[in-house]
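Here is what each chain is made of, one letter per residue.
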2 protein chains.
Amino acid sequence: MPELQNETEQQIIEAATDVFLEKGKSGARMQEIADRAGINKALLHYYFRSKILLYQRVFASQAKILFSGMLEAMVVGQDLRSGLYGFVDRYMDIVAGNPRLISFIMWEIREGGEEMSRILKEKFQEMGFQSVPLLEVLRTGKTTSGNPIPNPEQFFLSLMGMCIYPFIARPLLTRVVPELRPEDPDFLTARKQHIMAFIDTYLDR
Amino acid sequence: MPELQNETEQQIIEAATDVFLEKGKSGARMQEIADRAGINKALLHYYFRSKILLYQRVFASQAKILFSGMLEAMVVGQDLRSGLYGFVDRYMDIVAGNPRLISFIMWEIREGGEEMSRILKEKFQEMGFQSVPLLEVLRTGKTTSGNPIPNPEQFFLSLMGMCIYPFIARPLLTRVVPELRPEDPDFLTARKQHIMAFIDTYLDR
DNA sequence: ATTCGGTTTAACTGTTTGGTTAAACTTTTT
DNA sequence: AAAAAGTTTAACCAAACAGTTAAACCGAAT
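Conventions used here
- Residues numbered from 1 in each chain as written.
- Chains lettered and ligands numbered in written order.
- Predicted model: local features only at pLDDT ≥ 70, side-chain atom pairs only at ≥ 80, totals over all residues.
- Heavy atoms only, no water.
- Contact = heavy atoms within 4.5 Å.
- Buried area = accessible area lost by both parts, 1.4 Å probe.
- Salt bridge = Lys/Arg side-chain N within 4 Å of Asp/Glu carboxyl O.
- Helix = DSSP H or I, 4+ residues; strand = E, 2+ residues; numbered from the N terminus.
- Expected span 1.5 Å × (residues − 1).
- Buried < 20%, exposed > 50% of the residue type's maximum accessible area, 1.4 Å probe, protein only.
- Arc of directions from axis to C-beta.
- Bend = angle between axes of the 7 residues up to and from the residue.

Another aspect to go through is the interface of chain B and chain A. Many structure descriptions define interface size as the accessible area lost when the parts assemble. With 54 residues of chain B at the contact, the number on the chain A side is 54 residues. Buried area between chain B and chain A, summed over both chains or domains, comes out near 4,300 Å², and the portion from carbon and sulfur atoms is 67%. Considering only the surface of chain B that becomes buried against chain A, R110(B), Y165(B) and R175(B) emerge as the three largest contributors, covering 17% of it. In this assembly, chain B and chain A are joined by two salt bridges. Those elements that provide at least two residues to the side of chain B that touches chain A are α1 (7-27), α6 (99-110), α7 (114-126), α8 (133-140), α9 (152-168), α10 (170-176) and α11 (185-203) of chain B.

Structure representation (structure tokens):
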């Protein structure tokens, strides 16, 4: 995959990202992408050959943003509690700062998640993991009393779900329960604290 | 909205449900719906006037299935703990039994969630609630020691996220962590127990 | 048996869509 | 300066798409 090297390509990628994130793969229109990029539609094909290839390019770069951030949020080498706190802190910031990206990834999951799992596995290997880093840490970690963490898989799912659900459901939540505002900094602070308290109940046993 | 009263309409709704759930609004094709229903495409317009109206019809009925089930899972009048256990038990069964529906709803949330929030608010009113029943119950409920439940909103989000996340992320999860199988009955049992334990830590304070 | 209303069909329509083409333009290389 | 390579344009293309049309068909009512 060649590097981005000129302005036209960059304009196309940016516009395509916007349109694909808003409309999805089927709903996006090449003419609309061209209009937003301020170029002639034929250039989309000149530079990227087809709609699907352009989509894949956009998807790959967006997925990398999310997953790199997410994997880096998992700081290895710390004590377990600090590591989990740090993960929640950073992961929530990433998710809160990229709302469109989250729904985009949900869209891809809906399509089967094949490409995404490929990217993820690639990243895991780069970092020397066999599986999800967070899960591996939980599987080898210990509670305060020195026992293995019970049901690390379930704990893992709960952590992920607690972090991400408010942002997935956000459009609906804020309409049905107006006082719930995931984008609000106070909400984010409260959310992090709540999840960290959950971590405590799990570790302090 | 007239009642379903003949076989052709029913065939169309069923086929349209399948195709919309698989392909989404933009990706679905009227000819494909007609093919699946075993009818001539013109009948789609004869009975439902347009693609968007057919989509709205399908969406409304699917949303009602999910939300009716979900609201009924919240049995009012029980003691708080039993009520929450029952909610988790029934809601998880609904979610596990309707995987395509979940991703369909996620899709709609992505589009803004306007229609869905209208349906939800309607249902709340039918049941005599101002807001989400589960949230109202948490707001008025008490812990074991008789105190109000701390941060009911955050607790609510955690319950919802813990229940639903494994199914949202399922396509990706089973590829990345093959031992995680949300559709497996043993998984479901373990998941419910895990969430109920979480409820306990919240109430027993 | 005929008429009427409802249903279904096959063909058609106009627009949109992703993609192509060849010429014009611009930049780089010789 | 001319040629070559790269970029951009406007027009075009065939297929796909949601939707329309009018006739044929069918069952019920008279």
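Each turn of an α-helix holds 3.6 residues, which means side chains three or four residues apart point in the same direction. Residue and element names in this part refer to chain B. Here α7 spans 19 Å end to end across 13 residues, near enough to the 18 Å set by a 1.5 Å rise per residue. Every buried residue belonging to α7 is among M116, S117, I119, L120, K123 and F124, and all of these are buried. Angularly, the buried residues of α7 cover 160° about the axis, an arc narrow enough to put them on a single face. In α7, the exposed positions angled more than 90 degrees off the buried face are occupied by E114, Q125 and E126.

Right, let's get into helix α9 (residues 152-168) of chain A. Residues and elements named next belong to chain A. Compared with an ideal rise of 1.5 Å per residue, which puts 17 residues at 24 Å, α9 spans 24 Å between its outermost C-alpha atoms and is within 8% of the ideal. At M162, α9 is bent by approximately 35°, the largest bend along its length, and proline P166 sits one to four residues beyond. Of all 17 residues in α9, 16 are buried; the element is thus mostly enclosed.

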